[in-house]
Amino acid sequence: MSGLFGTLNIGVKGMTAAQTALQTTSHNVSNMNTPGYSRQRVNLQADNPYNYTGVGQLGTGVKMSGVVRVVDDYVTKQIQEETSSYSRHATKSDALSQLEMIFDEPSETGLSAGFSRVYAAWNYLGSSPELATAKTMVSQESQTLTDTIKQMANQIEGLEGDTLYSIEKDVLDFNEKVGQLSTLNKQIFNVVIKGQTPNDLLDQRDRLTTELASIAGVSIDYDKFQGVKLTLDGNAVLDGDTIQKLAVQSGGAEGELELQGADGSVKAIAIENGSIKGSQEALAVINDKKVELNQLAYSFATAVNTVHGKEFFTVSQTDAATDAAKNITVNEDIKADTSLINAGKYLDNPEAGDGDGSRATAISALATTKLNYFQGADFVGNYDEDKMSFTPQTSGTTTNGAYNDMVTSMGIIKQQADNIAASQSEVLGFLEDRRSSISGVNMNEEVVDMMKFQSAFQANARIISIIDEMLDTLINRTGV
């Protein structure tokens, strides 16, 4: 349309475009601190021209082609992947930090120092067998040692339960977010099917999928309506209206997972990333250290009892790999009467060995005897009763050496988790900065846009005012 009314229409469209752009700018400013929000912009383009005979094409103003998010889908995908990896190693590192605190090494109150004090007490008894206080020292130091071992065992068991609970909590959180995403998929579909772009819903979708990736490292795919399909270990968790529930396997010692379908089907799965994977890996280390502590406690008690000639430590063979550390204790009779401690060589006739501390010395020599302590109930030593000593075993270690190996191996795993988590944190920080530079709201830019759209609105309003004056002249001031 040409003429004054065509120009009037151009002004109206210009005002509408400026108003819409200003509203979008206001929306950006309002959400500049909203987590996961991507700034939006109005796409403007020249409207179709009008063919004016004898002149050519005349412009017909501006038209809005849509309001879109400013995002980089590749960066979003990278953030989801790196978040999943970071969450795995950070969770693992946190759990192992608690395990390190339980072992508390090096420390004057740790188990390594406890073993040393017990062996020192036996050595003192060997050099002063006639002193009742020497036997009392052996009993007291041994009780302190067993109390330390039992406390550690109980703390490890508590950490094991806490870590398993953390997995269960993550599973519940995962299922809840999948339900939210399923609802969001339907809302997105209802908008997209009308040819519109649900910008704010898509932001919510990306935020939820990132959170799900941080929990379980899901694979994320998109359909033509911008809905999400989730898979774990090649199995669909969310596909259209179909949802499978994630669950912890009943009786799983290390938080093993399964998918439960609406039809009652159950399938075991394994995941590769996310906080659940980190907790599973930490739980495996915790279980290993629990077994090793039980084996060490049983083997140590068995070795001392063998040289002592009768039960000094009470520990059950059936508990060797499960509860030896929780149940180890000094024989109740010895607690009540320390004179029952055998310091000399002669077991059947203790009086014959008055002043003899050779058996106590032999027990103290276990401190430097290399034995295979991690055999649990299968602990077998080549013991010579006449010499009151064990033959050193191939690939064996001392008591403190065995314990230090436990602590060192745990420390190495913890350090690896720390290093990877730190590295992933840097990568993730870089990607978040990249996303912020692309999709984040910059206040300075938005203020400039506000001024620009305000000026555009005023200019188009002025055009309408001028056309109004021209129409007034045409209608009221021309003719007879």
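Values in this document were obtained by computation on a predicted structure and should not be read as measured data.

Description of the overall build of the protein
The secondary structure content of the protein amounts to 11 helices and 15 strands. For 480 residues, the compact-globule estimate of 2.2 N^0.38 gives 23 Å, and the protein exceeds it by more than 25% at 38 Å. A total of 480 residues make up the protein; the buried ones form 42% of that total. For the protein, the proportion of contacts with a sequence separation of at least 24, taken over those separated by at least 6, is 69%. Summing over all exposed atoms, the protein offers an accessible surface of approximately 24,200 Å²; the carbon and sulfur share of this is 50%.

Some details on the sheet that holds strand β9 (residues 245-248)
Taken together, three strands build an open sheet; the order of strands is β9-β10-β11 and the sheet is antiparallel. Edge positions in the open sheet fall to β9 and β11 (266-269), since each of these has one partner strand only. The average undirected angle you get between the axes of adjacent strands in this sheet is 35 degrees. Inspection of the sheet shows β9 paired to strand β10 (residues 257-260) by four bridges, in the antiparallel sense. In the strand pairing of β10, alanine 247 is matched with glutamate 258. Helix-sheet contacts for helix α4 (residues 132-192) involve β9 and β10, and the interaxial angle to β9 is about 175 degrees.

Some remarks on helix α6 (residues 275-308)
Given a rise of 1.5 Å per residue, 34 residues ought to cover 50 Å, and the 49 Å separating the end C-alpha atoms of α6 matches this to within 8%. Counting buried positions along α6 gives 28 out of 34 residues, so the element sits mostly inside the fold. Two residues or fewer past α6, glycine 309 is found with a positive phi of approximately 95 degrees.

A short note on the sheet that holds strand β8 (residues 242-243)
Here four strands make up an open sheet; going across it, the order is β5-β6-β7-β8 and the pairing antiparallel. Every other strand in the sheet has two partners, leaving β5 (219-222) and β8 as the edge strands with one partner each. In terms of strand pairing, β5 meets strand β6 (residues 228-232) through four bridges, oriented antiparallel. Note that in β6 the partner of serine 219 across the bridge is threonine 231.

Describing the nonpolar core
Core analysis: the biggest nonpolar cluster contains 57 residues, and Leu99, Phe103, Trp122, Phe300, Phe312, Leu366 and Tyr403 have the highest contact counts within it. Looking at this core, the elements with two or more residues in it are α2 (73-103), α3 (111-127), α4, α6, α7 (324-327), α9 (358-364) and α10 (399-439). Counting residues per element, this core draws most heavily on α6, which supplies 12 residues. Setting aside its immediate chain neighbours within four residues, leucine 366 contacts Tyr119, Ala303, Val304, Val307, Leu371, Tyr373, Phe390 and Thr399. Counting 28 residues, the second largest nonpolar core, distinct from the first, contains Val171, Val178, Ile188 and Leu202.

Focus on the pairing of β11
Moving residue by residue along a regular strand, the side chains alternate between the two faces of the sheet. Taken together, the four bridges between β10 and β11 define a ladder with antiparallel strand orientation. Counted as the bridge partner of leucine 259 is lysine 267 from β11. Linking β10 back to β11 in an antiparallel pair, the connection comprises five residues, with glycine 264 at a positive phi of about 95 degrees.

Describing the packing of α3 against α4
In a packed pair of helices, the relevant descriptors are the angle between the two axes and the axis-to-axis distance. One way to put it is that α3 packs onto α4 with a least axis distance of 9 Å and a crossing angle of 160 degrees. By the angle between their directions, the pair α3 and α4 is classed as roughly antiparallel. Considering the relative orientation of α3 and α4, their crossing is left-handed. Every residue of α4 that contacts α3 at Leu111, Gly114, Phe115, Arg117, Val118, Ala121, Trp122, Tyr124 and Leu125 is listed here: Ala134, Lys135, Met137, Val138, Glu141, Ser142, Leu145, Thr148, Ile149 and Met152. Of the residues that constitute the contact of α3 with α4, the class distribution is 13 nonpolar, three polar and three charged.

Here's the deal with the layout of surface pockets
Approximately 450 Å³ is the volume attributed to the largest pocket. Forming the boundary of the largest pocket are 25 residues, of which Lys77, Gln80, Glu81, Val218 and Ile220 lie nearest the centre. Breaking the lining of the largest pocket down by element, the ones donating at least two residues are α2, α5 (199-216), β5 and β6. Here the lining of the largest pocket takes six residues from α2, the largest share from any one element.

So, the packing of aromatic side chains
Tallied over the full model, the rule gives nine aromatic pairs. Residues phenylalanine 103 and tyrosine 403 carry aromatic rings whose centres are separated by 6.1 Å and whose planes lie at 35 degrees to one another, so their mutual orientation is tilted. Taken together, the residues span a long stretch of sequence, with phenylalanine 103 in helix α2 and tyrosine 403 in helix α10 at a distance of 300 residues. Summarising the aromatic geometry, the rings of phenylalanine 312 and phenylalanine 313 are spaced 4.9 Å apart at their centres and angled 85 degrees between planes, so their arrangement reads as edge-to-face. For phenylalanine 313, a relative accessible area of 0% corresponds to the buried category. A connected cluster of aromatic rings, assembled from ring pairs, spans Phe103, Phe115, Tyr119, Trp122, Phe300, Phe312, Phe313 and Tyr403.

Here's the deal with the environment of aspartate 223
For aspartate 223, the location among the structural elements is in the loop between β5 and β6. Residues aspartate 223 and glutamine 57, spaced 166 residues apart in sequence, show a C-alpha to C-alpha distance of 42 Å. Polar side-chain contacts of aspartate 223 include one of 2.9 Å to the backbone nitrogen of phenylalanine 225. Within the local environment of aspartate 223, its side chain forms a polar contact with the backbone nitrogen of glutamine 226, the two atoms lying 3.0 Å apart.

Concerning unusual backbone geometry
The step from glutamate 105 to proline 106 runs through a cis peptide bond, and the omega angle for that step is -5 degrees. Position of proline 106 among the secondary structure elements: in the loop between α2 and α3. Unlike most non-glycine residues, aspartate 104 shows phi in positive territory, near 50 degrees. Structurally, the position occupied by aspartate 104 is in the loop between α2 and α3. The phi angle at aspartate 233 is positive, at roughly 55 degrees, despite the residue not being glycine.

Thresholds applied
- Numbering of residues starts from 1 in every chain and runs along the sequence as written.
- Since the coordinates come from a predicted model, pLDDT governs what is reported: local features require at least 70, and pairs of side-chain atoms require 80 or more to be given and counted, while whole-chain, interface and lining totals use all residues.
- As a rule here, side-chain values come from all non-hydrogen atoms in the structure, and water together with hydrogens is ignored.
- The helix and strand labels rest on DSSP assignments: H or I over at least four residues marks a helix, E over at least two residues marks a strand, and numbering proceeds from the N terminus.
- Each radius of gyration reported is based on C-alpha atoms, and the globular scaling rule is 2.2 Å times the count of residues to the power 0.38.
- In this scheme, a residue with accessible area under 20% of its type's maximum is buried, one over 50% is exposed, and one in between is partly exposed, where area comes from a 1.4 Å probe on protein chains only.
- Contact definition: two residues touch when any of their heavy atoms are within 4.5 Å.
- Areas reported here follow the Shrake-Rupley algorithm with a probe of radius 1.4 Å; residue values treat only the protein chains shown as occluding.
- The criterion for strand pairing is that DSSP finds at least two bridges linking the strands in question.
- Axis geometry follows a simple rule: fit a line to the C-alpha atoms, using only the stretch in contact for helices, then measure angles between N-to-C directions, giving values from 0 to 180 degrees.
- Expected span of a helix: the number of residues minus one, times 1.5 Å.
- What is meant by a nonpolar core is a set of buried Ala, Val, Leu, Ile, Met, Phe, Trp, Tyr and Cys residues, joined one to another through side-chain atoms within 4.5 Å.
- Roughly parallel means an angle under 35 degrees; roughly antiparallel, over 145; roughly perpendicular, 65 to 115; everything else is oblique.
- Put simply, a crossing is left-handed when the front helix is turned counterclockwise from the back one by less than a right angle, and right-handed when it is turned clockwise.
- Residue type decides the class: Asp, Glu, Lys and Arg count as charged, Ala, Val, Leu, Ile, Met, Phe, Trp, Tyr, Cys and Pro as nonpolar, and the leftover types, Gly among them, as polar.
- Of the grid points, spaced at 1 Å and generated over the protein atoms alone, those admitting a 1.4 Å probe that cannot get out make up cavities, while open sets with protein on both sides within 12 Å along at least five of seven lines make up pockets; any residue with an atom within 4 Å of a point is treated as lining.
- Grid points are joined across faces, edges and corners, and a volume is the space filled by probe spheres set on the points.
- Pairing of aromatic rings covers Phe, Tyr and the six-membered ring of Trp, with a centre-to-centre limit of 6.5 Å; geometry is then stacked below 30 degrees between planes, edge-to-face above 60, and tilted otherwise.
- Whenever two N or O atoms come within 3.5 Å, that pair is a polar contact, provided that in protein one can donate a hydrogen and the other can accept it, and provided that, for residues adjacent in sequence, both atoms are side-chain atoms.

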